[in-house]
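Okay, here's what each chain looks like letter by letter:
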Amino acid sequence: MRGEVGKMLRSPMVLIVGLVTAWFIVAFLIVPNVELLQSVFAPKEGLSAWEKLARSRPAQRSLVNSLILAVVLSITVNAVGVFIVLVTRYYDIKGARFLWLGYATTLVYGGIVLVSGYKFLYGPNGMLTSALTTIVPVLDREWFSGAAAVIFVMTFATTGNHLLFLTSSMAKVDYQTVEAAQQMGASDGTILWRIVLPVLKPTLFAITILTFLGGLGALAAPQILGGRDFQTIAPMILTFANAPGSRDLAASLALILAAVTMLLLLVLNRLERGGTYFSVSKVPVALVKQKINNPVANVVVHVLAYLLFLIYVLPPALIVIFSFTNAESIAFARLSLDAFTLDNYITVLTNPAASWPFVVSVGYSAAAAGIVIVFILFVARIISRYRNRITATVEYLLHIPWVMPGVMMALGLIIAYDHANPLVGGWVLTGTVVILGLAYVIGKVPFTLRMLKAAFTGINQSLEEAASMLGASQFYTFRRVLLPLVLPAAAAITALNFNSMLDDYDMAVFLAHPFYQPLGIFIKNATEGETQGDTTAITFVYAVVLMVISGLTMYLVYGRTASGKKRRIRRCRIIVDTAKQEATS
Amino acid sequence: MITYDNVEVRFGDFVAIPNLNLTINEGEFFTLLGPSGCGKTTILRALAGFVTPSKGRITISDRDVTHLPSDKRDIGMVFQNYALFPSMTVWENIAFGLKVAKVKADEVEQRVADIAREVELTEAQLSRGISELSGGQQQRVAIARAMVMRPKIMLLDEPLSNLDAKLRHQMRIQLKELQDHFGITSVYVTHDQDEALAMSDRIAVVNAGRIEQVGGPQEVYQHSATEFVCNFIGDVNRLEPRVSQRLVDAGATHLDASLPSYLRIEKVRVAPRGTGAPAGFVSVPGVVVGKQYHGINHSYELQLGETRMKAVVPEDGYAQHFEVGADVTVITDPSHVLQYPQPEAEERAA
């Protein structure tokens, strides 16, 4: 082992990357969390954070609400998620491809954009609310708020994991096992319950935990739709964090969130270890869609599938349609031919003030995605090349942001860098433009590392050996042999990272500079109070642009088929799929 | 000449190669033969420089290369999965080592063209991507990439294992022709005994990190030095002590019925019941209890009292064949019985 480490440390590339990584880990992964812990457990003055928490009824209520949201979402999201995967991938449903496109809308618009879309349809001035009030005049226009609204929106917002991961697991069901069960007289229900669903179990566990964590740390949906009665931990942390005297209280809530997150990730790891869920067949056969033999059940499933399709498609469809209408039409959610205009798009494209949030978001996302991919390309290469205690420790440490909720990380950065800190050259970072970009980089490190490491690990070691036997140096081998192989995966990861930061709200609301507010904040502000009309119109244009960019990214990463010069894309897809499978299994 | 002097290879606490002493002569086609996990690839990788021995030394032409980087050993290697660089064309793959060595462009062109011709790769194939080639063509590229560097030694790590039976047979011939043509010392790793017997000048049979026997193909096959070699190479009947005793009783007094005894299946002759044994041969009555047709021969499962034995009879149009249930006489030459000392067998079992 010592010899291996010595050999590793003799490489100049390892030394340089090692120093940068060590600084990064200490400055941005350890110190902020330590400072956060200090503010909770060793307060400088007055009551301890725990005592404050014990006296704060809103804080306690937020904890209970978060727990309720997480538990209920674990049930509702799985119910809807499994259903949409079954109707698109397992059962023979008419128009399944069309349905899939509808369900997949949450892959191209999510977060704050999605919440604002639902509010536009179901909110006080929403089309549906207007329609309902004509039928039931006494209906409160604020009917779509509180726990039910949050659960409804988040249920449909978070089934993307099912579409990506559960679908991929479903493809691994060996059809011969289904045929074998059929031959032994098993009913459709028994086959689904005893043969198919057990194969999906590990993915379902993983998705359930991710959903639970999503519910626990939800920010945008409870903040916009929760109303006074249903505020959860994350919005409460934001409220407390904005008052310097209550930051310790925010920190204690963030710590609880982190503790539950870690506990659940541990549970997930344990659950995944037991049992054989994959097919042991050497020649698995692709799944053939199953007909629903009972005619009544068939009709019911078709009706439900198309009803869900409407729920999924209406908000984004309305956003797209209304983005081409004038302010008045948007304000009253009424459509008429003369209301259609391209003015909103012209405004966004030509008015610097209107396009500024978009420019800020693109700037942050591109810079963070670029920095993180270059940094992690080197780190992942070293970690996959040298397997020893040092690299294992570094790998674990770089996964810290994965177990820490985003709000805790943001709060940690605020607390650690609101004073001159020698770790960053004595600069104060809190309140500057840099801190949000930094948070984006930190947040994307674990995902990027895991994916790139999988890509490097997927490369046969003998390629490297062959290159070294032919006299190539380590750096030459990295540059000429390995890099071209991981580059498509790196491009795909960069695209996914860029995409996911573009409409970020959760980090931005904590860390954004007042003059450099990204899209997420702008869209959130547009959903507040009576703000309708021009601002909303511009928000819709942003939402459409985001959907187009996300759609394009998803298409490039997952959607293209291999042919001719597109072979590279297929390779990248294979690598990303492998990485994705590794991440979920 | 390649030598391994008291070489030990460890992976943590696991000793893969305990104490290896081996000499490979210049220009010979030397095969490391053994079952999966026996350590043959480790022995090869130690020579390649990918595994560092924990003890002992490896020399090439009297030069100690034990701690020398792989590219300084003047060795070429063909990997089991070919290890071709997928992001490069066939030409770029073959030229890779020459470019790293900063060989002049026109010489690179010439050498790549020459070696491509030798391994029967066309000009059109040179500009193709690796994934556009068949398994056999990829194999040729891997050989060309290693050969173009004009190494003194060529290492081949189960290079034919990914090819279908027919192509494997063709490539065997071609590999051997190339080796003869260039006169390169070749060290070949395989678990396929047919391949080893057909191609090698000498074979080392490896078991649990130890060399059981080194010798020419015929020597290893017909005079297997250990019980393991006897069992691993070819098909053999293990004779139970009772059968051995019958052979002793029938006149094979040189045999010791208490020792583990083996008889290769092709040394067992099957004749109609009552056929007399030629002088010096021994006959035992038996019954055919199983029969399989293999195209070039039939294999028989014979019941001899309480024991079973296998035999093969060629499908040459002359030999007599039998149906299941037929009474037969099993005739053999006792001098073909291979016996191994008991203690060694016990050691192996331990």
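In this text, all values refer to a predicted model and were calculated from it rather than measured experimentally. (Residues numbered from 1 in each chain as written. Chains lettered and ligands numbered in written order. Predicted model: local features only at pLDDT ≥ 70, side-chain atom pairs only at ≥ 80, totals over all residues. Heavy atoms only, no water.)

Caption draft 1: Inspection of the packing of helix α19 (residues 352–385) of chain A against helix α20 (residues 389–398) of chain A at higher detail. Residue and element names in this part refer to chain A. Put simply, α19 and α20 touch, their axes get as near as 9 Å, and they point 140° apart. In terms of orientation, α19 and α20 fall into the oblique class. Crossing handedness for the pair α19 and α20: left-handed. Listed contacts from α20 to V379, I382 and I383 of α19 are T391, V394, E395 and L398. Per-class residue counts for the contact of α19 with α20 are five nonpolar, one polar and one charged. (Axes fitted to C-alpha atoms, helices over the stretch in contact; angles between N-to-C directions. Helix = DSSP H or I, 4+ residues; strand = E, 2+ residues; numbered from the N terminus. Parallel < 35°, antiparallel > 145°, perpendicular 65-115°, else oblique. Left-handed = near helix turned anticlockwise from the far one by under 90°. Contact = heavy atoms within 4.5 Å. Nonpolar A, V, L, I, M, F, W, Y, C, P; charged D, E, K, R; others polar.)

Caption draft 2: The environment of A:N65, seen in detail. Residues and elements named next belong to chain A. Along the polypeptide, N65 turns up in helix α4 (residues 57–90). Separated by 15 residues in sequence, N65 and W50 have C-alpha atoms that sit 19 Å apart. Filtering out sequence-adjacent residues up to four positions away, N65 remains in contact with D229, F230, Q231 and T232.

Caption draft 3: Quick look at the interface of chain B and chain A. Taken together, the contact pairs 23 residues of chain B with 18 residues of chain A. Carbon and sulfur atoms supply 66% of the area buried between chain B and chain A, which totals about 1800 Å² over both sides. Our count for the contact surface shared by chain B and chain A stands at one salt bridge. In this structure, the salt-bridge partner of A:E465 is B:R45, at a minimum N-O distance of 2.3 Å. (Buried area = accessible area lost by both parts, 1.4 Å probe. Salt bridge = Lys/Arg side-chain N within 4 Å of Asp/Glu carboxyl O.)

Caption draft 4: Geometry of the sheet that holds strand β5 (residues 63–64) of chain B. Residues and elements named next belong to chain B. The strand order β2-β1-β4-β5 describes an open sheet built from four strands, whose pairing is antiparallel. With one partner strand each, in any of the chains shown, β2 (14–24) and β5 form the two edges of the open sheet. Of the strands in this sheet, β1 (2–11), β2 and β4 (55–60) touch helix α1 (residues 40–48), which is tilted by about 110° from β1. (Pairing = 2+ DSSP bridges.)

Caption draft 5: Local environment of the pairing of β4(B). All names here are of chain B. Of the pairings in the sheet, the one linking β1 to β4 comprises five bridges and is antiparallel in character. When the sheet's bridge partners are listed, E8 is paired in β4 with K55. Here β4 runs beside β5; their pairing, made up of two bridges, is antiparallel. The residue of β5 that forms the bridge with I60 is R63. What sits between the antiparallel neighbours β4 and β5 is a turn of two residues, in which S61 has the positive phi angle 50°.

Caption draft 6: Representation of the confidence of the model for chain A in the model. Confidence in the prediction of chain A, expressed as mean pLDDT, is 84, and 91% of residues score 70 or more. Low confidence marks residues 561–585 of chain A, where pLDDT is under 50. Its contacts with residues over four positions away, or in another chain, come to 38 contacts. (pLDDT = per-residue confidence, 0-100.)

Caption draft 7: The nonpolar core, seen in detail. A:F28, A:Y103, A:I237, A:L411, A:F510, A:L511 and B:Y4 are the most contacted members of the largest nonpolar core, which has 230 residues in total. Those residues in contact with A:Y103 that sit more than four places away from it in its chain are A:I84, A:V87, A:T88, A:L163, A:A305, A:L308, A:F309 and A:Y312. With 35 residues, the next largest nonpolar core counts B:V90, B:A144, B:M154 and B:I184 among its residues. (Core = buried A, V, L, I, M, F, W, Y, C linked by side-chain atoms within 4.5 Å. Buried < 20%, exposed > 50% of the residue type's maximum accessible area, 1.4 Å probe, protein only.)

Caption draft 8: Representation of the sheet that holds strand β10 (residues 210–215) of chain B. Residues and elements named next belong to chain B. Spatially, six strands are ordered β6-β7-β8-β3-β9-β10 in an open sheet, and the strand pairing comes out mixed. Where the open sheet ends on each side, the last strands, each with one partner, are β6 (75–78) and β10. With strand direction ignored, the average angle separating the axes of adjacent strands in the sheet is 20°. Note: strand β3 (residues 29–33) against strand β9 (residues 202–207), four bridges, orientation parallel. In the sheet register, L32 faces β9, and the bridge partner there is A204.

Caption draft 9: Expanded view of the environment of A:R89. Residue and element names in this part refer to chain A. Summarising the element assignment, R89 is placed in helix α4. Sequence-wise, R89 and V196 are 107 residues apart; in three dimensions their C-alpha atoms are separated by 12 Å. Residues within four places of R89 in sequence aside, it is in contact with W100, T167, M170, L287 and K289.

Caption draft 10: Representation of the packing of aromatic side chains. Residue and element names in this part refer to chain A. Scanning the model with the defined rule gives 34 aromatic pairs over all chains in all. A ring pair is formed by F98 and F309, whose centres lie 4.7 Å apart and whose planes are at 35°; its orientation type is tilted. Placement of the pair is F98 in helix α5 (residues 96–103) and F309 in helix α16 (residues 295–322), with a sequence separation of 211 residues. Since its relative accessible area comes to 10%, F309 is described here as buried. A network of ring pairs unites the aromatic residues Y103, Y118, Y122, W143, F144, F152, F156 and Y312 as a single cluster. (Phe/Tyr/Trp six-rings, centres within 6.5 Å; stacked < 30°, edge-to-face > 60°.)

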